[in-house]
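# Summary of the model geometry
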Amino acid sequence: MKVFVGYDSREDIAWQVCRHSIARHSGDAVRSIPLRQPMLRELGLYTRPFDKTASTEFSLTRFLTPYLAAQTAGWVVFCDCDFLFTTDVRTVLDGLDPSKALYCVQHDYTPAFAVKMDNQQQTTYPRKNWSSFMVFNCAHPDVQALTPDVVNSASPAHLHRLAWIAKDEDIGALALDWNFLVGEYEKPAMTPRVIHYTNGGPWFDEWREVDYGDLWLEENRQYQAAADRDALAA
């Protein structure tokens, strides 16, 4: 199974910890792949003008996921880098309907904060955060039609609102805890399967005290220890 993770050079540690949490729960059965915009540009797959207003470097490159997966069948996952997995990501595939084009958590909320992450302005739009965790059906014609040409020419609204999927009923709904938005929902009794620090995580000084910040810091500690061991063994 492949999981493509949005990569932002300002948040390398977020990607590293996200990747570590996936590997810790899924082992070698899952391959985590960072979407690095400079590399995608070098390959000629992403040609849009640089957008200084984009909140992340992977704001639109995420939609290249099914093309990069190079599959004509099966499922492939995308997630933002500010995610922490507390379960085996492969279980998200359990019971999925193969007639659907895509599965995501279908959030319906108004952001609680006017500013997020490193003092970036918060925006509100239909289907906000639906595209932060997507499970693509590589066999579906709407997904196969999501080519680099479309990603490089369609409006951001068309892409993020999943308007490239012809029928709304082809968008399947995942349970909320597959993309739990920290600070936007009340903290539940049970730890979510996937924690999304959408407004900012503990790697930013001003977001140290967020819900589940302790879990991210512990995952970071384990990642750093593993990196130190690998460095000594090299």
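A quick note: this is a predicted structure, and the numbers were derived from the prediction, not measured. (Residues numbered from 1 in each chain as written. Predicted model: local features only at pLDDT ≥ 70, side-chain atom pairs only at ≥ 80, totals over all residues. Heavy atoms only, no water.)

The next thing to look at is the sheet that holds strand β2 (residues 31–35). Strand order in the open sheet made by the six strands is β2-β1-β3-β8-β5-β9, with mixed pairing throughout. Either end of the sheet is taken by a strand with one partner, and the two such strands are β2 and β9 (171–173). In this sheet, neighbouring strand axes are inclined to one another by 25 degrees on average, regardless of whether the strands run parallel or antiparallel. Two strands pair when backbone bridges link them, and strand β5 (residues 102–104) and strand β8 (residues 133–137) are joined in this way by two bridges, in the antiparallel orientation. If you follow Tyr103 over to β8, its bridge partner there is Val135. Strands β1 (2–6), β2 and β3 (75–79) of the sheet are contacted by helix α1 (residues 12–26), whose axis makes an angle of about 160 degrees with β2. (Pairing = 2+ DSSP bridges. Helix = DSSP H or I, 4+ residues; strand = E, 2+ residues; numbered from the N terminus. Axes fitted to C-alpha atoms, helices over the stretch in contact; angles between N-to-C directions. Contact = heavy atoms within 4.5 Å.)

Across five bridges, β1 lies against β2 in parallel orientation. Bridged to Val3 within β2 is Ser32. Handedness of the β-α-β unit built from β1, α1 and β2 comes out right-handed. (Right-handed = clockwise from strand over helix to strand, strands pointing away.)

Taken as a whole and judged by the stated rule, the model has eight salt bridges. With a shortest N-O distance of 2.6 Å, Arg90 and Asp88 are connected by a salt bridge. Overall, the relative accessible area of 15% leaves Asp88 in the buried class. Across the pair Arg193 and Asp177 runs a salt bridge, and its minimum N-O distance is 2.8 Å. Of this pair, Arg193 sits in the loop between β10 (180–181) and β11 (194–196) while Asp177 sits in the loop between β9 and β10, and the two are 16 residues apart along the sequence. Asp177 sits in the partly exposed class, given a relative accessible area of 23%. (Salt bridge = Lys/Arg side-chain N within 4 Å of Asp/Glu carboxyl O. Buried < 20%, exposed > 50% of the residue type's maximum accessible area, 1.4 Å probe, protein only.)

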